[in-house]
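# Observations on the three-dimensional arrangement
Chain by chain, the residues run as shown.
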Amino acid sequence: MNAIRAEGLTKRYGETLALDHLDLSVEQGEVYGYLGPNGAGKTTTIRLLLGLHRPTAGRAELLGVDAWRDPVQAHRRVAYVAGEPLLWPALTSAETLAFLAHLHGGTDVAYRDELVERFQLDTRKKVRALSKGNRQKVQLVAALATRADLLLLDEPTSGLDPLMEMTFRECAREAKERGQTIFLSSHILSEVEAICDRVGILKQGRLVDQGTLAELRHLSAQTIDVVFAGPAPSIDSLPGVQVERTGPSALRFEVTGSPQALLTALGGHPILNLTSREPSLEEIFLHHYDGSDRDAAR
Amino acid sequence: MRPASALAVVAQAFRDARIRTFAFAYLFALYSYIQPVGFRHAYKTLASRTAFAHSFGGNKGLRLFYGEPHDLIAVSGYTAWRVGGTLAIAAAIFGLLAAVRALRTEEDAGRTELVLAGVIGRRTAFASALAAIAAGTFVLWLAEFAGFVAGRLPVGGSAYLALATASVTAVFVGIGACVSQLAPTRRIALGLGGALVALFLLLRAVADTSSAVGFLRWATPLGWAEELRPFSSPQPAVLLLPCATAVLLLAVAARIGAARDVGNGLLPAHDSSDPDLHLLSSPTAQALRSERGSLVAWAGGVAAFSFVLGIVSQSVSSAGISKSIQQEIAKLGSGSIATPTGYLAFVFLVFVFAVSLFVCAQIGAARHEEADQLETLLALPVGRTGWLGGRLLLAGLAAAAISLLAGALTWAGAAAAGVDASLPRLLEAGANCLPAALLFLGITALAYAIAPRAGAGIGYAVVTAAFLWQTVGALVGAPAWLVDLTPFAHVGLVPTQAFRAGAAAAMVAIGLGAAAAALAVFRRRDLLGG
C-alpha cells in the first residue's frame, strides 16, 4: 500500500487547467519533495489529495483510502499543514492546539510540549496577535504532535526564521526516522535537497520530472571545469558535451551522460586543474523553466 | 498628497461597498414608493382617513415602530410617519456598517497598512473612506427621494423627508467612525455600535410611547429625524443637531486615528490569556464558542425589546375604534392591533422576521469560517456533513432559544404593566417564530451550499422581501394568491389566533428538505479557496 497514490488526477477551474493527469505514488516512509513555482498546481494537488476539492478526473488515495469518497477515514492517519496559516483568531495557541488535538485524536501530549519548547511558541498569545511565522509554528506543532503516518506539508516553512527552519528540518528528519511519510510541497530548493528522498517537479499543472536526487542528477548535465597548462585546445563535436571558453587557458564542459569520451579527448593535453561538479537541484529545477517558460513561471 | 491616488482609494471603497449600498437603496426606493401608493389605495375617502388617523394616531404600540405621527389625514403625513420612522432605523444600521467596514474591517485585514504604506496619508485615507460613504449615502437619499416622487408626493417635501433619513446615517457614520477607533477588532466595533443603535432606538420608543417623557426624543438621533417633522410642520433648524453631532464625532475619530498605532484600537486588545478549554471538543462546540458573543447580543436585544413591547401593550385599547375601522386595520395584514393581546400578536410577526434574520446571520458566520478555517478542519477526520449539519443545528437551537426568550420577556413586560396575559400562550407565540425561521434557515443554507459567497445575502434578501410583501401586499390590493406567496402570511397570529399547525408543519418540512439538499450539495462542491 502506498502512502499516496494519484491516478490521472486532474482539476479544472473554469477555463484554467490547474492539474493535468497527475500520476504519483509515494511509498510509506518516504520523504517526497514536491517542487514548483507559484501557480504550478502544488496547493491544488494537496487539496485534491485531501478531498477538499473534487477531481475533474482521476482519483487520489491516502494510505489506501479514497480521498474524495471517504475523506474522514482517509484523514485519520494524516496530518496537514496549510500554506496559508488561517486559524481561529480568538483562540490562543494553547487553545488551538487543544482543539486540533481533540479533532484529530492520538496526539502525543508529551511530544507536543517538547515541540512547543523547540519551536519557542508563546502559547498564551491569541492567534490574531501572532505573526505569520508564529501561526505557521502552531500548525507545525499540531501536525507533528499527532505522529501521523503521513504528513502533508504545504510550504510549511514560509514565514519561519532560519533558526526555526533548522528546527523544522530536524523534526522532519526525526519523523522520517520513525518511519513517517512526508509529502513536502515547497519552492525552497535547499530545504528539499536537505531532507527529501525523492523529488517531483511540477510545471503548469504537469509533473515534468521525478526521481531521486541521484537520478535527476544523472539525467542532467554535470559541469567539468578544466584549466590547461598553456592555451586551451579546441575540443568540440563530442556527443553529449557542450563547450564554453571561460578563459585563455580554461574550458567549461557541460556533460550529459558518461564523461568517458571527454576524458579520452583530454588525454593528450597537459592539464593543471580539473574540477567536476554535480548539478544542484536549483540547476535541475531551472533547467525545466528555461527561456520563455521561466518568465511564465515567475 | 496626490489627488489621483486619493480618488482611487475613494473609488475602491465605494466599489467594495456597492452590494450593500445598492441592496439598501433598493429597499429604500421600494419602501418609500409602496407606502403612499398603498395608503391611497386603502383609504380612498377623507372619512376613512379621519377614522384611520383617529385610531392609529393614538395607538402607542405602533408609535414604537414608526414614531409619533403628526398628520395622518394626508398621504404625505402618513408616509412621513410610516416610512421615516422605519427607514431611520435602516439608515442608522447602514451608517454603522459602512463606517466600521471602511475604518475597522479594512484595518483588521491589514489592507489599511498597505494603503498607508503608499503615498496616502492617514487624513487622506480617512477622508477618502468618508467620501465613499457619503457617496453611498447620497445614493440612498436619491433612492428614497425617487420612491416618494414616483409615489406622487410633492418634490420638495420628498427631498426633505429623504434628507431627514440621511441625517440619521450621518450621525451613525460618526458613531461607527468613533467605535472603529476605540475597538481593536471589527467584532467589538460592531458590538459597541450595535449596542448604541439599540439604546437610541429604545430611547425613541420610550419617548414616543409615553408623552410624559417625550422630551427624550431630543436625546436620540432617531428622534431628531422625527423632530424635523417632514411634510406636517418642517423644522429645518433641527438639522443642525445631526450635522453638528456628525462633524464632532468625525473630528474626534480623526483625532484619535491620527495619534494611534495602525492595526490597534484605543481599547486594549486582550491578546494573551490562560487557556480556556471549554467548548473545544468538536467543530460545533467551537462554533458555539466563537458565536457566543453575537448570540448574547441577539438574545439581549430581543429580550430588551420584547420586555418593552410587553409593557407598551398595556396602553393599547380598542376604546373609540369602530368595528369597520378594526376591519380596516386587519387588512394591514396584522390582525387586530387594538387590544393588548392583538397588539402582541402583531408584534410577534416582527419577531418572526427578526429570528429569520438571525438564522441568515448564522449562515453568514458559517461562510466566514469556510473562507478562513474550514480547510484546516476538513483536513482532520471531520466530515463535511457533520460540520454544516452541526452549524445548522446550532442555528436552529439558538433561534429556538431566542424565540422562547422573546415570549417569556414579553410576558414579563406585560405582567409588570398589569396586562392579563398568559405565559404559556406567549411562550407559544415565541415558539411560533420557529417554523418560519427553520424554513428560511433551510433556504439560506441551500443558497449557501450552491453559491457560498452570496448565500447569506440571498437569505437576507428573501426574508426582507417576504416580510415587506406581507406588510404591503394586502394594502396595495394584490390578489390573495400573490399575497400568500410570503411565508409570513401563513404564520398564525398567536396569541389572538390559533397556532396554524398545518402551515407550520409544511414550513418545517420544506425547511428540513432544503437543509438536506444543502448538505447533499455541500458534500459535493469545492471549498472556497484561501
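Residues numbered from 1 in each chain as written. Chains lettered and ligands numbered in written order. Predicted model: local features only at pLDDT ≥ 70, side-chain atom pairs only at ≥ 80, totals over all residues.

### So, the overall build of chain B
As a reminder of what qualifies: Only runs of H or I of at least four residues qualify as helices and only runs of E of at least two qualify as strands under DSSP, and these elements are numbered from the N terminus. This radius of gyration counts C-alpha atoms alone. The globule rule is 2.2 Å times how many residues there are, raised to the power 0.38. Comment: burial labels come from other C-beta atoms within 10 Å of the residue's own C-beta, placed from the backbone, where a count of 20 or more is buried, 12 or fewer is exposed, and between is partly exposed. Think of it this way: build a C-beta for each residue from its backbone, and any pair within 7 Å is a contact.
Broken down by element type, chain B carries 21 helices and zero strands. Since a compact globule built from 530 residues should have a radius of gyration of about 24 Å, the 23 Å found for chain B is in line with a globular shape. Counting only C-alpha atoms, chain B reaches 65 × 55 × 40 Å along its principal axes. Burial analysis of chain B (530 residues in total) assigns 50% to the buried set. Considering only contacts in chain B between residues 6 or more positions apart, those separated by 24 or more positions represent 75%.

### Describing helix H11 (residues 240-259) of chain B
Because each turn of an α-helix spans 3.6 residues, side chains separated by three or four positions in sequence point in the same direction. Residue and element names in this part refer to chain B. Here is the rule we go by: For a helix, the expected span equals 1.5 Å multiplied by the residue count minus one. Regarding the arc, it is the one traced by the directions from the helix axis to the C-beta atoms.
Here H11 is 20 residues long and its end C-alpha atoms lie 29 Å apart, about the 28 Å a rise of 1.5 Å per residue gives. Every buried residue of H11 is listed here: Pro-242, Ala-246, Leu-249, Leu-250, Ala-253 and Gly-257. Relative to the axis of H11, the buried residues are bounded by an arc of 100 degrees and lie together on one face. Away from its buried face by more than 90 degrees, H11 exposes Leu-240, Ala-244, Val-247, Ala-251, Arg-255, Ala-258 and Ala-259. Packed against the buried residues of H11 are helix H7 (122-150), helix H8 (155-182) and helix H10 (221-227).

### With respect to the pairing of strand E4 (residues 57-62) of chain A
Residues and elements named next belong to chain A. Under the convention used in this document: What makes two strands pair is DSSP finding at least two bridges between them.
Across five bridges, the pairing between strand E1 (residues 4-13) and E4 is antiparallel. Opposite Ala-6, over in E4, you have Ala-60 as the bridge partner. Relative to strand E5 (residues 65-66), E4 is paired through two bridges, and the arrangement is antiparallel. The partner of Glu-61 across the bridge, within E5, is Asp-66. A loop of two residues connects E4 with E5, the two strands running antiparallel in sequence, and Leu-63 in this loop sits at a positive phi of about 45 degrees.

### A short note on the interface of chain A and chain B
How big an interface is tends to be reported as the loss of accessible area on association of its parts. On the side of chain B, 25 residues touch chain A, which itself brings 28 residues to the contact. Contributing elements (two or more residues each) for the side of chain A that touches chain B: helix H2 (71-75) and helix H3 (93-104) of chain A. No other element matches the eight residues that H3 of chain A contributes to the side of chain A that touches chain B.

### Let's talk about the sheet that holds strand E14 (residues 271-277) of chain A
Picture the strands of a sheet paired through backbone hydrogen bonds; they go either parallel or antiparallel. All names here are of chain A. The condition is simple: Note on geometry: axes are lines fitted to C-alpha atoms, helical ones only across the stretch in contact, with angles between N-to-C directions running from 0 to 180 degrees.
Spatial ordering of the open sheet is given by E12-E13-E11-E14, a layout of four strands whose pairing is antiparallel. Two strands close off the open sheet at either side, each with one partner strand: strand E12 (241-247) and E14. Along the sheet, successive strands turn relative to each other by an average axial angle of 20 degrees, direction set aside.

Note that every value here comes from positions in space, so none of it alone points to a role or purpose.
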